Amino acid sequence: MWIPTEHEKYGVVLASFRGTVQHGLPLEIGDTVQILEKCEGWYRGFILKNPNIKGIFPSSYIHLKSAHVKNKGQFETVIPVEDSVITEMTSTLRDWGAMWKQLYVKNEGDLFHRLWHVMNEILDLRRQVLVGHLTHDRMRDVKQHITARLDWGNEQLGLDLVPRREFSMVDPDEISVTELYRLMEHRHRKKETPAPASTHHLFVHVKSLMSANLGEELEVFFHIYDGRENRPLSERFFVKLNKSGLPKSPEKTERQCTLFVDLGSSDLRKDVYIVVHIVRIGRMGAGEKKNLCSVQYRRPFGCAVVSIADLLTADSKDDHLLKVYACNTESEWHQIHENLIKKANSRYNLSGSNTGLAVALQLLHGDIEQLRREYMVLFTRGVSITRKLGFSDVIMPGEMRNDLYITLEKGEFEKGGKSVARNVEITVYVLDIDGQILKSHVAAGAGEPGSDEYHSLVLYHNNSPRWAEQIKLPIPVDMFRGSHVRFEFRHCSTKDKGEKKLFGYSFVPLMQEDGRTLPDGTHELIIHKCEENTSLADCPRYLKMPFSKANLPSNNQTLKGPKESFWITSFLCSTKLTQNGDMLDLLKWRAHPERINDSLSKLKEIDGSEIVKFLQDTLDTLFGILDESSQRYGLKVFDSLVHIINLLQDSKFQHFKPVMDTYIESHFAGALSYRDLIKVLKWYVDRIVDAEHQDHIQQVLKASEYIFKYIIQSRRLFSLATGGQNEEEFRVCIHELFMSIRFFLSQENKSTSPVAQTQAVFLRTFPAVYGELLKIFTVREVAGFVRETLGSLPTAVHADCLEAVKLQCITKTVESQLYINPESRCILLPVVLRVLQAHMQEQKDLVMCARILTSMLSLIKKEENGTAVSVTVEPVVSEEVELIVESLLGVLLRTILEISNRPQPAGPAMRLQFQDVTGEFVACLLALLRQMSDRHYQQLLQAFSSKDNLRDFLLQIFTVFRILIRPEMFSKDWTVMRLVTNNVIITTVLYLSDALRKNFLNDKFDYKVWDSYFYLSVIFINQPCLQLESFSPSKRKKILEKYGDMRVMMGCEIFSMWQNLGEHKLNFIPAMIGPFLEVTLVPQPDLRNVMIPIFHDMMDWEQRRSGNFKQVEAKLIDKLDSLMSEGKGDETYRELFNSIIPLFGPYPSLLKKIERETWRESGISLIATVTRLMERLLDYRDCMKLGEVDGKKIGCTVSLLNFYKTELNKEEMYIRYIHKLYDLHFKAQNYTEASYTLLLYDELLEWSERPLREFLNYPMQSEWQRKEYLHLTIVQNFDRGKCWENGIILCRELADQYESYYDYRNLSKMRMMEASLYDKIMDQQRLEPEFFRVGFYGKKFPFFLRNKEFVCRGHDYERLEAFQQRMLNEFPHAIAMQHVNQPDQTIYQADAQYLQIYAVTPIPESQDVLQRDGVPDNIKSFYKFNHIWRFRYDRPFHKGTKDKENEFKSLWVERTTLTLVQSLPGISRWFEVDKRELVEVSPLENAIEVIENKNLQLRTLITQCQSRQMQNINPLTMCLNGVIDAAVNGGLARYQEAFFVKDYIMNHPEDGDKIGRLRELMFEQAHILEYGLAVHEKFVPQDMRPLHKKLVDQFHLMKSSLGIQEFPAYVRASPVHFTNGSPRTCRNSVPNIISPDGGRGVARRSLPSYPAVNRYSSSSLSSQASNEVSNITGQSESSDEVFNMQPSPSTSSLSSNHSASPNVTSSAPSSARGSPQMAEKHKHSRENACLSPRDRPVSAIFPNPMDPAQRAPPHQIGDATLPRSDPNLSAPDKAGSSAKNMRSQSPVSASRSPQKTTVPPFTPSPTECQSTSLVSNSPVLSGSYSSGISSLSRCSVSEASGTELPAGDHASHPLPPPGTLPNSVSSSSDEPIRRENKTPPPYSVYERNNPRRPVPLPHSLSIPPQTDPPALPPKPHQLRTGSMKLDGTSDPRVPRPRPLPRKVSQL
């Protein structure tokens, strides 16, 4: 039976458990579990990180830990009872674990490894803490390390800052908000700025001296030298080096390493140096022989200098190689370092080019104890300490030091009978009172132990030597008295013996008789003559003699002459001895009572360090004097005491304050002193007002803290001694003293007056007195003193400085022990509040005010949470809160508003302080609000006298709350503080919303307050710190446990308030739609369910008010766009708007609610629109998250842009997205698409002067200027995208504008730009793009792609495989489909992504350019691949049984034509397929198309060859070879077998016409070949003659195989019609007859026939059939004239496509435009084929026979239904009509020609031409005839020109003489013809059903007549409208319809 557990509540899993039993809970080792129940060795519970899954597990797997249970019962939580640091470590490491793995995934290797090390370190420290064997100090250190590492990791990972106190996490509920803020601020600061260390230390480690000429031992001396004052700052550090230049004692590191300690910050200057002197020990001269003498001398070697400032930049122990310099003369040795510093380089030189001293130097910062901890190795290994000369900046009590430093300065010696100067050496000894040498008390410096004696340097032959050597004498204090130092002078001979001969001595006693030590300074000592060592043994004798010239008796004879002297400088650094006689006099006052007055007066002149040395003795002396003769010396003693007290305020001596405190507590014995002290103090205070000089009084008041300490201690001693006598008297004295103080404080003075400054001095020290008074008086009494004293200050104080001091005094009062006591607090609070209120109202001293307020509110919280809070205290706390609220709440809100709206100050320090004060006030406000209870809120709201006051208060507090919510209010990682803030805000808002409901509804409604309330609520919910979804599970759980989801609470409050509004809701529609929408986008289901019904309500009210909800809709859509682009919202949200099924929660979905309304239809329509917009916006948002620009982003933007334009009609949004799309294209270098995109905006503007506002990146400008700028940008981009034809049109439009404004400068530039674009068309190569059809199938695609097919324009050089790979990279999860069949529904509905890709062939629209001969390929290439609406894809297949002998009998073609919604290129590289047409082409039609194509190719090549467009003749040769060879080998014969046999003709009677057509084509091909061979013969080079002969022979074979003996008459009549088509298509055109010799002719056709090539399946055809197909279609190995075969799409739809020849071009008729009907037909003709791109097989794209209506003669154009038997037609024409009608019954009759002829039929087509009189075989005649016709045909093709000839002329003169007709026609109609003769526009942006605008054909494409020169062409802009219209209106007077309303047209 399962029993709930009592004690077993929490445990850790010891081993993993798989949970294989029923209800088993799988456990991982290390998981923590909460246990709910137990049963016979099993527990039931859950893992803490996943509390939703409960299960059972064995109890043996769990290690139980004691835990504290909260909320016992169903919802209980357990908190382990363990060290809080351990708990934090565990949870933090768990969080880090997950993030650490992510670092690896994100490839942040550096942080990954650093974090790994830190985590291991923390785990190791955790073990140490858990074991529990650490000492208290060690535990503290470990915890400090742990928390430092936790903070580091949290900061690196961007986690929250943890508030801590004493290493433990703080519960924000347990402390006041102000305290929490302080902790956070402290941790934040600590993290930011470590306090600069005030003390510094220099670490020196000597490595070696490198020099070539060593061989002697060396001594190296380091010291720190002040170059500014030219004096050493430290004692010397001394290292001995051996003969190799290495340290002598390498094992003793303290002999090589030292720490120069206690350098102040002022010592780290540029002019402070480390100076190194090097001394060699050996022979006198460096080069002397070794055996000369054995005596060693100390001789100068060299010096090195380095500046300390150079070390500040080096962090590590860098090794320095110091250059060593030697002085040029030894007499300069004493100042070589000064010369080096001054760079006086004439006085020194390098001691050797490679001499250098290797040392490690490092500056360390912080006090010495800190260094011991941080650099433990340094101290354990051993390091000597080198001290400063004198005391450090801060003298510590208890510091013991007694060092005498003596510097051997210089000497003056006589020659002593010698011819040369002496070599003097000094030996120094220290002797005690008995004359014994003190052992080891002479030190050359730190580093080496002291010795008994010291030998100076020897300077060679120098009678005035200057040594400047410093030695240290560390003599104990007790041995100082009676000791002396003796200096012995010896001459060092350089003779053989090398002896040192004594010639004199000097001495100096260390202490004088009166107890003073040797004074600091330079002393000139007497040199006593002495040549025997024995005479020195009698110390007492020579000690009686004078030692210094300063105290020399006049009659002394034993001395040397006055010329000989010796100078030393002494400096004593002692904590025990003094050199000051005045000090000694004062301490021995009893011995000389008469000197007391003088001694007390001189005390102020004594150096402070001397006084603190003898502090206790001095104080005993003063109080001794006071006790014995207070009347006489009372005032002087008081002054001396004040002097000493104030001395301790100095930073150098402040550490002696504890010494004085200890003295007062333990040693002070003046039980009677209090009377004198009070009396003198009162005397001084009474004189303040009248005194002229306040300086001394101010000094007295400054010392008042310690004076009171002495007074109180003295009184306590007296009470103890006397049993409390004279108590009343003492109280009266104190009261009187305070009355005097109050009187002087109450004086009103100007701030500059001395009295005001004295008041300020007193107020600064006054709070320090409270603690002393409390030792004798009760809390209430002291509080009374303080209240009255502070209350006595004048209220209107003019002194600003006094105001600040007053506040400081209040601050210290609030922080004192006195204020902490609740009894005294209620007395002091009113005074404090009064001062605070006054200051805050004037916005003065806000930093101090914040500090005071913080302290006050921290105390209240403490009281409330303190354990010892009694029942009586709580009402006190409540009253305090009430008082503070009443006095300060309003002013606090105003202050926060004021400071947060101020401009930020400039300085960084000021800005920091400014930020602090805002934060502190905010913390105070939060603390106060958190303390307020229901009663406080009621009192607060009742206190407002009027509604206006309440309204102002509410507005104020709502505004402040909005400021608190700002992200910049607290640092990013202060989540704890933010959550506390939000908790306080929501609690307060709940209280205040009642006031809002009661006071500002119905007739008292106030929009401003309600609006402020709603606005606050919205931004509250949207704060980042409340979006729990973005947090880790553990953090989310903690927040929910502590605060719940505050967003939902606020959402419910909004809903409840909204419901209360009633009809006032209309005030908030549509203003609140945006904010509320923002709230609903928060992914919190409960919140959404609460908020979405508000929209229903809004729609309902808006419907009632205005009968629709257009406003709601408009606002909703605008806001949705801006919010979604910020990344808010998700799929669920869309469903919530849309779904009919009510989602969880009490509210049904919005749609469900709407369906119940009367306005349901418009409502549902709105929801549908919003949902569709959201789909696009969500796609857009998701696409934009990806990295680089790709098709997905562009496609998505296009989809959204079109939605705004077509469905929503939102012009501003539309324009914004135009620019977003433009930026994407520009970034992707899609310059053509970028131009088309920008053109959309350009189209919305007109050439007007209307001013436009600033918008996006456009400045404020006129509409004309903006349109001009856009035009120029678009032209530039068209130029980059090589779409020059489009740029030309815009250039012309701009030129028109410039011309109309007479802006000839810009007009000239524009014409030049236009010309340059024409040049580029002719000179630059353009790549021909490939086109691909892409199908996106499956539900996983974004909405704008899902289950749709598109055609995409490939990138340059991009073939199918590359395109397919690119698409698969963009959609990495997509599966490529391997067939081209349309997918079924399973694929459409699949939860996956399928891509179907294959290449398609464009069908160009602009046929008239493409069908002209003589138009360069550069021009044609543009029309082939631009403005393409339709694309074709062919798939060959066999229908019925397949004939193995001849596969052509059953070879059908399935032709798919795709029509797009917009033409390519356009605003995107891909557009959706709008319409899909599937047609099957029969084998016979297929054969006709194949031969037509080949005929077209042959004609083109022949024409090119004749016009010499070809560089060589090879393409023609190969084409002829291919066709003839295939025909001979049975190619055409296969067609004959298939279609000319009786069986076929019998079975397919309807194909008779087509069979005839095929026969015609075969004959025509033979004829073309014959003509081609004639041309070939003319141009063929000599070496290819044999091939030509072979071709001719094979051609005859071919003719015979076809059974052609002689060509039929109709073929002979028109041997070669180079009209890009078969005779059936040339019905009304003029045949162009070209002789092999003739010049160039341009053929004209009226009805286009478009070339293409069939696609065959290599897999479905047998090889034989394939070969035959190859032969029939004329394939050969030519490089670029060949049609290659395409592999069957059925085997691989993704296989590559290759382009076919661009030379296979067709000519277009010149007459393109007739009536409007004509244009309309042109518009729907989508099946015109285009030339295939180069190098690939392309679908066979053939024209289908046309409607009779389309073939009507020109005079029937107006009415296509007129009878065909027009009497005006010639017989051949009539025959042609019937033939035409007969042939037009083709099964494939969908195609319509876009063009109609407008010219009478000068020459019948071959089937109609019965008369052979027009045909001449004469080459000459043929050529001229051809030329005439070419010219004519160009001039007679326009309907608009009205140049139709009378019908009679047609019959009687089928062709006028060549010389006359062209001229006559030309003269009458050339200009109008050229004006109307236009190609379709080079681009189109709008949809296809817009009529096309005519575009002028460039003049260069027209062929002039050969008689008269042509008339000047019209201006290209004559028929153009004012802008580059794409809607095809050709009449400039017709206004262009604007696609969008102009409501936002100021854009």
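Here goes a summary of the coordinates provided. The numbering scheme is per chain: residues are counted from 1 as the chain's sequence reads. Local features in this predicted model are restricted to residues whose pLDDT is 70 or higher, and side-chain atom pairs enter the listing and the counts only when it is 80 or higher, whereas totals over whole chains, interfaces and linings include all residues. Working from all heavy atoms in the structure, the side-chain values ignore hydrogens and water.

Now for the packing of helix H15 (residues 673-686) against helix H16 (residues 695-702). Where H15 meets H16, the axes come as close as 10 Å, and the angle between the chain directions of the two elements is 135°. Overall, the two elements H15 and H16 adopt an arrangement that is oblique. With respect to the hand of their crossing, H15 and H16 are arranged in left-handed fashion. Here H15 contributes Leu681, Tyr684 and Val685 to the contact with H16, which in turn contributes His696, Ile697, Val700 and Leu701. A fitted line through C-alpha atoms serves as each axis, taken over the contacting stretch for helices, and the angle formed by two N-to-C directions is quoted from 0 to 180°. Secondary structure elements follow DSSP: runs of H or I no shorter than four residues count as helices, runs of E no shorter than two count as strands, and numbering proceeds from the N terminus. Working definition: roughly parallel below 35 degrees, roughly antiparallel above 145 degrees, roughly perpendicular at 65 to 115 degrees, and oblique for all remaining angles. It is the rotation of the near helix from the far one that decides the hand of a crossing: anticlockwise by less than a right angle makes it left-handed, clockwise makes it right-handed. The contact criterion used is simple: two residues touch if any of their non-hydrogen atoms lie within 4.5 Å.

Now for the pattern of salt bridges. Salt bridge, as used here: a side-chain nitrogen of Lys or Arg that lies within 4 Å of a carboxyl oxygen of Asp or Glu. Considering all chains together, one arrives at 79 salt bridges under this definition. Between Glu235 and Lys472 there is a salt bridge, with its nearest N and O atoms 3.2 Å apart. With Glu235 in the loop between strand S13 (231-232) and strand S14 (237-241) and Lys472 in strand S26 (residues 466-473), this residue pair connects regions lying 237 residues apart in the sequence. Owing to a relative accessible area of 16%, Lys472 belongs among the buried residues under this scheme. The partner of Arg1366 in a salt bridge is Glu1358, and the shortest N-O contact between them spans 2.8 Å. Among the charged side chains, a network of salt bridges with common partners joins Asp171, Asp173, Arg930 and Lys1042. The classification of residues rests on relative accessible area computed with a 1.4 Å probe and restricted to protein chains. Under 20% of the type maximum is buried, over 50% is exposed, and intermediate values are partly exposed.

Before going further, it helps to examine the packing of aromatic side chains. Remark: the centre distance and the inter-plane angle together describe each pair of aromatic rings, the angle taken between the planes. Working definition: rings of Phe, Tyr and Trp (its six-membered ring) pair if their centres are within 6.5 Å, and the pair is stacked with planes under 30 degrees apart, edge-to-face with planes over 60 apart, and tilted otherwise. Applying the stated criterion across every chain yields a total of 70 aromatic pairs. For the ring pair Phe1014 and Phe1076, a centre distance of 5.6 Å and an interplane angle of 90° mean the geometry is edge-to-face. One end of the pair, Phe1014, is in helix H31 (residues 1007-1021); the other, Phe1076, is in helix H34 (residues 1073-1080), and 62 residues separate them in sequence. Neither Phe1014 nor Phe1076 differs from the other in exposure class; each is buried. Aromatic rings pair up to connect Tyr674, Phe708, Phe718, Phe730, Phe738, Phe744, Phe762, Phe766, Tyr770, Phe777 and Phe785 into one cluster. A cation over a ring is seen here: Arg1104 above Trp1101, with NZ or CZ 4.2 Å from the ring centre. Note on criteria: charge over ring means Lys NZ or Arg CZ within 6 Å of the ring centre, with the direction from the centre no more than 35 degrees off the ring normal.

We now examine the sheet that holds strand S25 (residues 453-455). Strands qualify as paired when DSSP identifies two bridges or more between them. Ordered by their spatial adjacency, 5 strands build an open sheet running S25-S24-S27-S28-S30, and the pairing between neighbours is antiparallel. Looking at strand neighbours, the two that pair on one side only are S25 and strand S30 (528-529), the edges of this open sheet. In the sheet, strand S24 (residues 424-431) pairs with S25 via 3 bridges, with the strands oriented antiparallel. Counted as the bridge partner of Tyr429 is Glu453 from S25.

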